[in-house]
Amino acid sequence: MSTDGLLTPAIVLRTRPLREADLVVVLLTRSRGRLDALAYGARRSRRRFPGGLSIGARGEATLASERRGMYRLEGFSPGCDHSVVGRDLERFAYVAYICELCEALIVGTETDTSLYDRVDRAVRESVEGTVRPAILRRYELSLLHALGFLPFLDDCAVCSAPVPCAAGEGVREVFFDGRAGGVRCAEHRAGAGTVAEAVLAVARELLRDPCADPLETLSPVHRRDLRDLCLGLLRAHLVRPLRSLGFFASLSAVTKPRPHDPHS
């Protein structure tokens, strides 16, 4: 089917300059998956790109076929006011991280509307709502789940047996090996570390309830444990470190740290 004049919901993941006025735009689209598109004259045209093409912008993209399998971005109409991201460094950090992680993990133009919806929701919440770590933790876990990378968080990854908690210095813990399937029972615990059961319980709730913010029930130590657990699972599937994590670090260095900083 020809892609000339194809109109599809899309999110701008990244842009890079090409020649004097053109851009290469990395898009996540609802109907064509992730793709690169050439936007001729994008740095000059406000008629075809009225809201610009800033990172995380959500709207309707008009695509046409291009030579050598590329697409041509004929226009992009924003679906909402995205300007707040440019005025708020914390929101920008959230959106940049969400988009960079999406680009790093989602490859090819295979259509998956559930993936698109996950990214769209995380960006929308970061732009329109109160930024909070639960947005990123839910996004990380749901992305891993949708891509088939999420380890078992309930029963033993080897034998599917229910996994009882072991007492560890007053904290209920379970055996866990993220690189080898996830939760382990005592019989199959060889090589596994441990993780607090409360951390896994919050991870399960984030996946189960899209509106919950169970991080409020965790201690600061366990919030960091959940962050580190998610980042550890993600790094196993990344080719290179995420630049946006460095931006979180620099942002924390120039602002007063908050108890719920997502990457502090």
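See the structure shown above.
All of these numbers come straight from a predicted model, not from anything done at the bench. (Residues numbered from 1 in each chain as written. Predicted model: local features only at pLDDT ≥ 70, side-chain atom pairs only at ≥ 80, totals over all residues. Heavy atoms only, no water.)

K.L.:
What should I look at first to understand helix H3 (residues 113-128) in this one?
P.N.:
The α-helix advances 3.6 residues per turn, and as a result positions three or four apart in sequence lie on the same side. With 16 residues, H3 should reach 22 Å at 1.5 Å per residue; the first-to-last C-alpha distance of 22 Å fits that figure. Among the residues of H3, those classed as buried are Leu-115, Tyr-116, Val-119, Asp-120, Ala-122, Val-123, Glu-125, Ser-126 and Val-127. Each element contacted by the buried residues of H3 is listed here: strand S1 (6-18), strand S2 (22-29), strand S4 (58-65), helix H1 (83-87), helix H2 (89-105) and helix H4 (133-146). (Helix = DSSP H or I, 4+ residues; strand = E, 2+ residues; numbered from the N terminus. Expected span 1.5 Å × (residues − 1). Buried < 20%, exposed > 50% of the residue type's maximum accessible area, 1.4 Å probe, protein only. Contact = heavy atoms within 4.5 Å.)

K.L.:
In this structure, what is going on with the sheet that holds S4? I would like to understand it.
P.N.:
Pairing between sheet strands relies on hydrogen bonds along the backbone, with the strands arranged either parallel or antiparallel. Reading around the barrel, the five strands line up as S1-S2-S3-S5-S4 and close back on themselves, with mixed pairing between neighbours. Strand-to-strand twist of the sheet, defined as the mean angle between neighbouring strand axes without regard to direction, takes the value 50°. One ladder, built from six bridges, connects S1 with S4; its direction is antiparallel. Paired with Ile-11 across the strands is Arg-58, a residue of S4. (Pairing = 2+ DSSP bridges. Axes fitted to C-alpha atoms, helices over the stretch in contact; angles between N-to-C directions.)

K.L.:
Would you mind going over the pattern of salt bridges with me for this structure?
P.N.:
Throughout the structure, instances matching the rule amount to 13 salt bridges. For Arg-19, the salt bridge is made with Asp-22, and the minimal N-O distance between the two is 3.1 Å. For Asp-22, a relative accessible area of 11% gives the class buried. Between Arg-30 and Asp-117 there is a salt bridge whose closest N-O contact spans 2.3 Å. Of this pair, Arg-30 sits in the loop between S2 and strand S3 (33-39) while Asp-117 sits in helix H3, and the two are 87 residues apart along the sequence. Here Asp-117 falls in the partly exposed class, since its relative accessible area comes to 36%. By sharing partners, the salt bridges in this structure join Arg-58, Asp-120 and Glu-128 into a single network. (Salt bridge = Lys/Arg side-chain N within 4 Å of Asp/Glu carboxyl O.)

K.L.:
Please clarify how the packing of aromatic side chains should be interpreted in this entry.
P.N.:
Given two aromatic rings, one states the distance between the centres and the angle between the planes to describe the pair. A full pass over the atoms with the stated rule returns three aromatic pairs. Taking the centre distance of 5.9 Å and the plane angle of 65° together, the rings of Tyr-94 and Phe-248 count as edge-to-face. On the criterion of sequence distance, the pair formed by Tyr-94 in helix H2 and Phe-248 in helix H7 (residues 243-254) is long-range, its members being 154 residues apart. The same class applies to Tyr-94 as to Phe-248, namely buried. Take Phe-248: its relative accessible area is 4%, and that puts it in the buried class. Taken together through their ring pairs, the aromatic side chains of Tyr-94, Tyr-97 and Phe-248 make up a single cluster. (Phe/Tyr/Trp six-rings, centres within 6.5 Å; stacked < 30°, edge-to-face > 60°.)

K.L.:
Help me understand unusual backbone geometry, please; the structure alone is not making it clear to me.
P.N.:
Glycine aside, a negative phi is what most residues show, and trans is what most peptide bonds show. A positive phi is found at Arg-19, a non-glycine position, where the angle reads about 55°. Looking at the element boundaries, Arg-19 is found in the loop between S1 and S2. Positive phi is not limited to glycine here, since Ser-160 has a value of about 65°.

K.L.:
Got a minute to help me understand H2 in this structure?
P.N.:
With 17 residues, H2 should reach 24 Å at 1.5 Å per residue; the first-to-last C-alpha distance of 24 Å fits that figure. Most of H2 sits inside the fold, with 13 of its 17 residues counted as buried. Where H2 begins, the capping side chain belongs to Asp-88, and its oxygen is found 3.0 Å from the backbone nitrogen of Glu-90. (Polar contact = N/O pair within 3.5 Å; in protein donor to acceptor, adjacent residues only side chain to side chain.)

K.L.:
Where do I start with the packing of helix H5 (residues 197-208) against helix H6 (residues 220-235) in this structure?
P.N.:
To describe two helices that pack against each other, one gives the angle between their axes and the distance between the axes. The N-to-C vectors of H5 and H6 enclose an angle of 65°; their axes lie 9 Å apart at closest approach. Of the two possible hands of crossing, H5 and H6 adopt the one that is right-handed. Residue-level inspection shows Ala-198, Val-199, Leu-200, Val-202, Ala-203 and Leu-206 of H5 in contact with H6, the latter providing His-222, Asp-225, Leu-226 and Leu-229. In the contact of H5 with H6, the residues fall into eight nonpolar, one polar and one charged. (Left-handed = near helix turned anticlockwise from the far one by under 90°. Nonpolar A, V, L, I, M, F, W, Y, C, P; charged D, E, K, R; others polar.)

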